[in-house]
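# Topology and contacts: notes
As a plain string of letters, each chain reads:
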Amino acid sequence: MAVIHSRPVETVNVVLGWLCFASWSISFYPQVWKNWKRKSVIGLSFDFLGYNLLGWICYSMFNAALLWYPAVIHEYHLKYPHGVISVQLSDACFSFHAFLLTGFTILQCFLYERGGQTLSSVCRTLLALFVCAMVIMLIVATSGCITWLQYVSIFSYVKLAVTLFKYSPQVYVNCRKKSTEAVSIYQFLLDLTGGSISLLQMALIAYNYDDWKTFIGDFTKFGLAALSIAYDLIFIVQHYCLYRHSPQLERTLEDDEEPLIS
């Protein structure tokens, strides 16, 4: 079993975990607020929301299994006898919360003006393929062809794969409209903060347990933080640099002020 080298560092890790949880969790609310304030989701990519929902479902199951499913925990320690599971309670709480808030944001898409927006055929196909693959692998795991740790790891890989491209539809929509009016920049600023804290926490865990294989053992957590930071920076550049004085945004605001019937 891994040995803790410093109790104070361990305490700092716990605090960082909950700070990360708070930052990432709060990041979902600005978008919910903005949708409610505008009474519209026009300009918000539905593909992004669809990929996001699938990703958070997978990540929630991955975290829950590594924290509370004895068979998976046992298999993990067999594979990494001197390692430590870097998934914290705060990670599980965050992923469950993210799933619920993403679901609520999708509900807003049915309640507010959406301008005929819908999921693209590409998004529907990819979501269906991911779900079918998970069902097939469940049958394979049940038959004993792969371990439960391997099966649970597939959920993390799905989450990581989804994160690779889930932001792309929103980036494209912003580029096409030359505006970031539909999205709240605060969600990306908070997400950037949470991702940075998460990377710091993982580094401290690896240092404190003298186990740098932790990054490999939970590559998903590292990958999610790194990818999120990269996309957050893209959105920040779009908002504060590329489309800061967007003519499209000005026209949109003027159209909102015009009466529907002249």
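The structure displayed is predicted, hence computed values, not measured ones.

### Focus on the overall build of the protein chain
Across its full length, the protein chain holds twelve helices and zero strands. The buried share of the protein chain, taken over its 262 residues, is 48%. Of all intrachain contacts in the protein chain linking residues separated by at least 6 positions in sequence, the fraction that spans at least 24 positions is 84%. Carbon and sulfur atoms make up 70% of the accessible area of the protein chain, which amounts to about 13600 Å² in all.

### Re the confidence of the model for the protein chain
The predicted model of the protein chain averages 84 in pLDDT, with 87% of residues at 70 or higher. Ranking the helices and strands of the protein chain by mean pLDDT puts helix H2 (residues 29-38) first, with 94, and helix H12 (residues 247-257) last, with 45. Low pLDDT, under 50, characterises residues 249-262; the predicted model gives this stretch three contacts beyond four residues in sequence or across chains.

### Brief notes about empty space enclosed by the protein
Counted under the stated rule, the structure contains two cavities of 30 Å³ or more. The calculated volume of the largest cavity comes to roughly 340 Å³. What lines the largest cavity is a set of 26 residues, among which Phe28, Asn52, Trp56, Lys166 and Tyr167 lie closest to the centre. Broken down by secondary-structure element, the contributors of at least two residues to the lining of the largest cavity are helix H3 (46-68), helix H5 (89-111), helix H7 (148-165), helix H9 (185-208) and helix H11 (219-242).

### As for the packing of H3 against H5
Where H3 contacts H5, the axes come no closer than 8 Å and their chain directions differ by 155 degrees. As far as their axial angle goes, H5 and H3 are roughly antiparallel. Considering how the two elements wind past one another, H3 and H5 form a crossing that is left-handed. Considered class by class, the residues forming the contact of H3 with H5 number 17 nonpolar, seven polar and one charged.

### A few points about H2
Looking at H2, one finds that the buried residues are Pro30, Gln31, Val32 and Asn35. Along its buried surface, H2 packs onto helix H1 (7-26), H5 and H9. Two residues or fewer past H2, Lys39 is found with a positive phi of approximately 55 degrees.

### Quick word on the nonpolar core
Leu54, Phe62, Leu66 and Val158 are the most contacted members of the largest nonpolar core, which totals 37 residues. Taken together, the elements giving at least two residues each to this core come down to H1, H3, helix H4 (70-79), H5, helix H6 (121-142), H7 and H11. Excluding residues within four positions of it along the chain, Val158 makes contact with Leu54, Cys58, Phe130 and Met134. Counting residues in hydrophobic clusters, the runner-up holds 17 residues, among them Phe46, Leu49, Ile106 and Tyr167.

### Remarks on the environment of Trp148
Note on placement: Trp148 falls in helix H7. Relative accessible area serves as the criterion here: at 27%, Trp148 is assigned to the partly exposed category. Put simply, Trp148 and Glu75 are 73 residues apart on the chain and 7.9 Å apart in space, counted from C-alpha to C-alpha. Sequence-distant contacts of Trp148, defined by excluding residues within four places in its chain, comprise Tyr69, Val72, Glu75, Leu138, Ala141 and Thr142.

Definitions and limits used
- Residues numbered from 1 in each chain as written.
- Predicted model: local features only at pLDDT ≥ 70, side-chain atom pairs only at ≥ 80, totals over all residues.
- Heavy atoms only, no water.
- Helix = DSSP H or I, 4+ residues; strand = E, 2+ residues; numbered from the N terminus.
- Buried < 20%, exposed > 50% of the residue type's maximum accessible area, 1.4 Å probe, protein only.
- Contact = heavy atoms within 4.5 Å.
- Areas by Shrake-Rupley, 256 points an atom, 1.4 Å probe, with all protein chains shown as cover.
- pLDDT = per-residue confidence, 0-100.
- 1 Å grid on protein atoms, 1.4 Å probe; cavity = no way out; pocket = protein on both sides within 12 Å on 5 of 7 lines; lining within 4 Å.
- Points joined across faces, edges and corners; volume = space filled by probe spheres on them.
- Axes fitted to C-alpha atoms, helices over the stretch in contact; angles between N-to-C directions.
- Parallel < 35°, antiparallel > 145°, perpendicular 65-115°, else oblique.
- Left-handed = near helix turned anticlockwise from the far one by under 90°.
- Nonpolar A, V, L, I, M, F, W, Y, C, P; charged D, E, K, R; others polar.
- Core = buried A, V, L, I, M, F, W, Y, C linked by side-chain atoms within 4.5 Å.

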